[in-house]
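A look at the structure
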Protein chains: 2
Amino acid sequence: MIVEGEGLMRLSESEWQIMNALWQRYPASARELIERLPKNINWAYTTLKTMLTRLVAKNVVSERKRANTSIYEPLITRSKARRNALQSLMDQAFDGAMGPLMHFLIEDQKLSKKQRQELLQLLQNENSEK
Amino acid sequence: MIVEGEGLMRLSESEWQIMNALWQRYPASARELIERLPKNINWAYTTLKTMLTRLVAKNVVSERKRANTSIYEPLITRSKARRNALQSLMDQAFDGAMGPLMHFLIEDQKLSKKQRQELLQLLQNENSEK
DNA sequence: AAGAATATACTACAATCGTAGAAGAAAGTC
DNA sequence: GACTTTCTTCTACGATTGTAGTATATTCTT
């Protein structure tokens, strides 16, 4: 079962691909996962296996055997991973604070009018609900 | 002079540290840069030099000599680097779109009431100004 | 000019990442 | 039960990252 592990782990690019596939539906076998990867990814089956092994070693994914086949499950939630990634980004590139990031998103990032509206919407909902 | 290079370059953790110091004020020598790094970073002078050399090789920083001393300048803007980093994050972790990221920031990320207010503020300014 | 300080260039080396082949074990098929 | 397919485990290898030592060239200082 997924527990929100504490350690700040860092997923690499390819690891994200795998995790994205895994979060979609789990438990899953390597065979299933490889099919779910974006079509532009064309890994050898063993490549995926290698990476799964590494993810298991890092305690990001659990592995259990049914017959001779391993089935995998995430050990961290997508949210948790996202939070970690965001935190790293903020630390590295936005003086470690949410403020500058928000600011950048809104000012520099040129949201479309629609995006801006949506955002307002979201914010206002949150504000009133709670 | 800084030009907004096109290639999606990727800065590593330590590279961000250096670039942050460099963006603060440039041109700058290695000696100056090392002083400007966060106090918790304690690199040997040669470590910094090695990394600067690598940044130069990657065309992220320019190097020019005054007497026998190299002075460095960024070849990409901070904004550009931020945009790239954000883009990568979105691609990997937020289905490649701004929407889910925003959504996450607002819903899952539990902004403080104050942050939320600020954000609203920003948004509304933008909305009316343009 | 000799010695001290500083900077550069080159080399190194372990850890992680991306990618995968080879060999062997298990399971499904006729 | 022999053959084929599918998995697993091991090993490999080049690229990048983090970190720094050594040797050499340059420049100050007295």
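Residues numbered from 1 in each chain as written. Chains lettered and ligands numbered in written order. Predicted model: local features only at pLDDT ≥ 70, side-chain atom pairs only at ≥ 80, totals over all residues. Heavy atoms only, no water.

Here's the deal with the sheet that holds strand β3 (residues 69-74) of chain A
Residues and elements named next belong to chain A. What counts here: For two strands to count as paired, DSSP must find a minimum of two bridges between them. Numbering goes from the N terminus for both helices and strands, where a helix is a DSSP run of H or I of at least four residues and a strand is a run of E of at least two. Here, residues are in contact when the closest pair of their heavy atoms is within 4.5 Å. Axis definition: a line fit to C-alpha positions, over the contact stretch in the case of helices; interaxial angles, taken between N-to-C directions, run 0 to 180 degrees.
Spatially, β1-β3-β2 is the arrangement adopted by the three strands of the open sheet, whose pairing is antiparallel. Edge positions in the sheet fall to β1 (28-29) and β2 (61-66), since each of these pairs with one other strand and no more. Relative to β3, β2 is paired through six bridges, and the arrangement is antiparallel. Considered in β3, the bridge of R64 is made with I71. Docked against the sheet, helix α1 (residues 13-24) engages β1, β2 and β3, running at close to 90° with respect to β3. Its contacts with the sheet put helix α3 (residues 45-57) on β2 and β3, and the angle it makes with β2 is roughly 115°.

Thoughts on the relation of the copies chain B and chain A
Using the following cut-off: Alignment of copies: least-squares fit on C-alpha atoms of residues with pLDDT of at least 70 in both copies.
Relative to chain A, chain B is turned by 180° and slid 0.0 Å along the rotation axis, the superposed coordinates differing by an RMSD of 0.1 Å. Put plainly, the chains are arranged around a two-fold axis. Considering only C-alpha atoms, the residue of chain B closest to the rotation axis is B:L120, which sits at 3.4 Å.

Some thoughts on the pattern of salt bridges
Filter applied, for reference: Salt-bridge detection follows one rule: a side-chain nitrogen of Lys or Arg within 4 Å of a carboxyl oxygen of Asp or Glu.
Under the counting rule described, the total for this entry stands at 10 salt bridges over all chains. When the shortest N-O distance is used, the salt bridge between A:R10 and B:E13 registers 4.0 Å. Residue A:R10 is located in the segment before α1, and its partner B:E13 is located in helix α1 (residues 13-24); the two belong to separate chains. For B:R82, the salt bridge goes to A:D95, with nearest N and O atoms at 3.7 Å.

Observations regarding the protein's contact with DNA strand C
What counts here: Proximity is defined per residue: if any heavy atom of the residue lies within 4 Å of a molecule or strand, that residue is considered near it. Polar contacts, as used here, are pairs of N or O atoms within 3.5 Å; protein pairs need one atom able to donate a hydrogen and one able to accept it. Residues neighboring in sequence count only if both atoms are side-chain atoms.
The immediate surroundings of DNA strand C are formed by 22 residues, with A:S12, A:T50, B:R31, B:Y45 and B:S70 found nearest. Of all DNA strand C atoms lying within 4 Å of any protein atom, the proportion belonging to sugar or phosphate reaches 64%. Taking B:Y45, its side chain carries an N or O atom lying 2.5 Å from a phosphate oxygen of DNA strand C. Between a phosphate oxygen of DNA strand C and a main-chain N or O atom of B:S70, the distance comes to 2.7 Å. Breaking the surface near DNA strand C down by element, the ones donating at least two residues are α1 and α3 of chain A together with α3 (45-57) and β3 (69-74) of chain B.

A word on the confidence of the model for chain A
This is how the line gets drawn: Residue-level confidence of the predictor is what pLDDT reports, using numbers from 0 through 100.
Averaged over chain A, the pLDDT score is 88; the fraction of residues at 70 or greater is 89%. Within chain A, α1(A) carries the highest mean pLDDT (98), whereas helix α6 (residues 113-129) of chain A carries the lowest (72).

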